[in-house]
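Below are the chains, spelled out letter by letter.
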Amino acid sequence: MKQWERLQGLMRAPRLGWDVLLRGSYDFTYDQMPMSVRSMSLAKRLNLVRAGANLVHRRLQPWSWPLHMQAELTSFCNLKCPVCPTGAGTLSRPAQTLDVDLFARLMDEVGPYLLTLSLWGWGEPLLHPHLAEILRIAGSHPVVTLLSTNGQNLMNQKVIDALISSPPAYLIVSIDGLSDETNSQYRVGARLDPILTGVRRLAQIKQERRLDLPVLHMRYIVMKHNQHELPHLRDFAQHNDFDLLTIRTLVLADSAEQKHHELMPDLEEFRAYEYAGEERVRRNDFVCQEPFWFPTVYADGTVVACDQDFNAQLPFGTLSKEVSFAELWRSERAANVRRTIRDEPASLSFCRNCPFADRPCEACSVQSFDLKRDAA
């Protein structure tokens, strides 16, 4: 979070406090996706207010439960994207899937307090063999659920059934080219046909059953090899029955910058960072909030302060039948991790290469188009 974004949040606090505490409602935008939370329980209202205090204090032992959480369903993928740790082969954690019972216990603990739940990490979530059960558990809690996918399994009937039976609020489908040739330059191994066939099938079922969810969201990362397609994106997304299109910048993970430079677009408005010659311009206006309200749970149950710690260099600990999330969230170890990230970020490689720190704003997506409204 940038300093100016933090100040804006503080200035909105009085109105937000009224809406949250008295009306039980909260409207916000998450990476260009509009979200609305209504009829919040008293516990959830109080948790949101307590979490807001972290805008000022960033306490090593937060007053609140997390507001947001990321749950990695799988730690393996069917593609090899070159700047992703999984695709580049720098992810050292073993390939596995998130245990359903562990996820259920986790959601029983934090589900009553969360605003959003992101069901992805450094693997492809639609490869989880019990996706339907994961979505059912997530859907039983008052949480805005997001699922991001490369779409290669969207033709699978079991996947379609799961997405319709217990739909996430947003199904984010990554497409970085309007032809197989362009898309597979970054999404190595991807084909468009299973993606588009699956999306159109989901859109058809939604129309037949008069369903609002999931919102079918096409996400496009602008790079050097695909920037020429920008004028055609909206027509492509509308033609293939998407509800929302967002255009995104390519961001760094904790890795060398050379590949990022090769992919970086010529169009400066679609670059994630500013450059002085070949050097990324470093900024000093970033205030990291992740360890205080947005942890990640990996497929083996390991809890980390931030998903950029993709090899779990600094874990809070690991969930199990004997170890609850609350024990890890409020542990001395977690406090020490937060202290290091807050006070000594330069000592950590994943903080030095944070994809948000050197950006002019926090959001990775820079443009958004409501395709259904446009078509009306």
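Above: the structure in question.
I will try to describe carefully the structure that is included in this document.

### Quick look at the side chain of Thr296
- Along the polypeptide, Thr296 turns up in strand 11 (residues 296–297).
- Side-chain polar atoms of Thr296 contact the side chain of Gln70, separated by 3.4 Å.
- Residues contacting Thr296, with those up to four places away along its chain left out, are Gln70, Thr302, Val303, Val304, Cys306 and Asp307.

### Considering the layout of surface pockets
- Of the volumes computed, that of the second largest pocket is approximately 430 Å³.
- Forming the walls of the second largest pocket are 23 residues, and the residues nearest its centre are Phe286, Pro345, Cys351, Cys354 and Ala357.
- At the level of secondary structure, the elements contributing two or more residues to the lining of the second largest pocket comprise helix 12 (290–293), helix 14 (332–343) and helix 15 (349–352).
- Here the lining of the second largest pocket takes three residues from helix 15, the largest share from any one element.

### Section: the pairing of strand 8 (residues 244–249)
- With six of its six residues buried, strand 8 lies for the most part within the structure.
- Alternating residues of strand 8 divide into Leu244, Thr246 and Arg248 and Leu245, Ile247 and Thr249, and every residue in both groups is buried.
- As paired strands, strand 7 (residues 215–222) and strand 8 are joined by six bridges and run parallel to one another. Paired with Tyr220 across the strands is Ile247, a residue of strand 8.

### Remarks on the nonpolar core
- The biggest cluster of nonpolar side chains holds 68 residues, and the ones touching the most others in it are Phe103, Leu117, Leu119, Met218 and Phe242.
- Ranked by residues supplied to this core, first place goes to helix 9 (residues 192–209) with seven residues.
- One finds Tyr26, Met33, Trp120 and Phe294 within the second-largest nonpolar core, a separate group that totals 23 residues.

### A word on unusual backbone geometry
- Put simply, Leu213 and Pro214 share a cis peptide bond, and its omega is 0°.
- Relative to the helices and strands, Pro214 resides in the loop between helix 9 and strand 7.
- Phi is positive for Ser39, close to 55°, though the residue is something other than glycine.
- Position of Ser39 relative to the elements: it lies in the loop between strand 2 (33–37) and helix 3 (42–52).

### So, the packing of aromatic side chains
- This model, assessed by the stated rule, comprises seven aromatic pairs.
- Pairing Tyr30 with Phe294 gives two aromatic rings, centres 6.5 Å apart and planes at 45°, and the pair type is tilted. Here Tyr30 is found in strand 1 (residues 26–30), whereas its partner Phe294 is found in the loop between helix 12 and strand 11, with 264 residues between them in sequence. Both residues of the pair, Tyr30 and Phe294, belong to the buried class.
- Members of the aromatic cluster, each reached through a chain of ring pairs, are Trp65, Tyr113, Phe316, Phe325 and Trp329.
- Above the plane of the ring of Tyr298 lies Arg93, whose end atom (NZ or CZ) is 3.7 Å from the centre.
- The ring of Tyr273 has Arg280 sitting right over it, with the charged end atom 5.2 Å from the ring centre.

### Thoughts on the sheet that holds strand 8
- Pairing within the open sheet is mixed, and its ten strands lie in the order 13-12-11-3-4-5-6-7-8-14. Because the sheet does not close on itself, it has two edges, and the strands there are strand 13 (315–318) and strand 14 (365–370).
- Taken together, the two bridges between strand 11 and strand 12 (residues 302–304) define a ladder with antiparallel strand orientation. Looking at strand 12, one finds that Val297 is bridged to Val303.
- Sheet strands touched by helix 5 (residues 100–110): strand 3 (68–71), strand 4 (116–118) and strand 11. Its angle to strand 3, the strand with the most contacts, is close to 180°.

### Structural notes on helix 6 (residues 131–139)
- Among all positions of helix 6, only Leu131, Ile134, Leu135, Ile137 and Ala138 are buried. Angularly, the buried residues of helix 6 cover 160° about the axis, an arc narrow enough to put them on a single face.
- Here the buried face of helix 6 lies against helix 5, strand 4, strand 5 (144–149) and helix 7 (157–165).

Here is what the cut-offs are and how they apply
Residues numbered from 1 in each chain as written. Predicted model: local features only at pLDDT ≥ 70, side-chain atom pairs only at ≥ 80, totals over all residues. Heavy atoms only, no water. Helix = DSSP H or I, 4+ residues; strand = E, 2+ residues; numbered from the N terminus. Polar contact = N/O pair within 3.5 Å; in protein donor to acceptor, adjacent residues only side chain to side chain. Contact = heavy atoms within 4.5 Å. 1 Å grid on protein atoms, 1.4 Å probe; cavity = no way out; pocket = protein on both sides within 12 Å on 5 of 7 lines; lining within 4 Å. Points joined across faces, edges and corners; volume = space filled by probe spheres on them. Buried < 20%, exposed > 50% of the residue type's maximum accessible area, 1.4 Å probe, protein only. Pairing = 2+ DSSP bridges. Core = buried A, V, L, I, M, F, W, Y, C linked by side-chain atoms within 4.5 Å. Phe/Tyr/Trp six-rings, centres within 6.5 Å; stacked < 30°, edge-to-face > 60°. Lys NZ or Arg CZ within 6 Å of the ring centre and 35° of its normal. Axes fitted to C-alpha atoms, helices over the stretch in contact; angles between N-to-C directions. Arc of directions from axis to C-beta.

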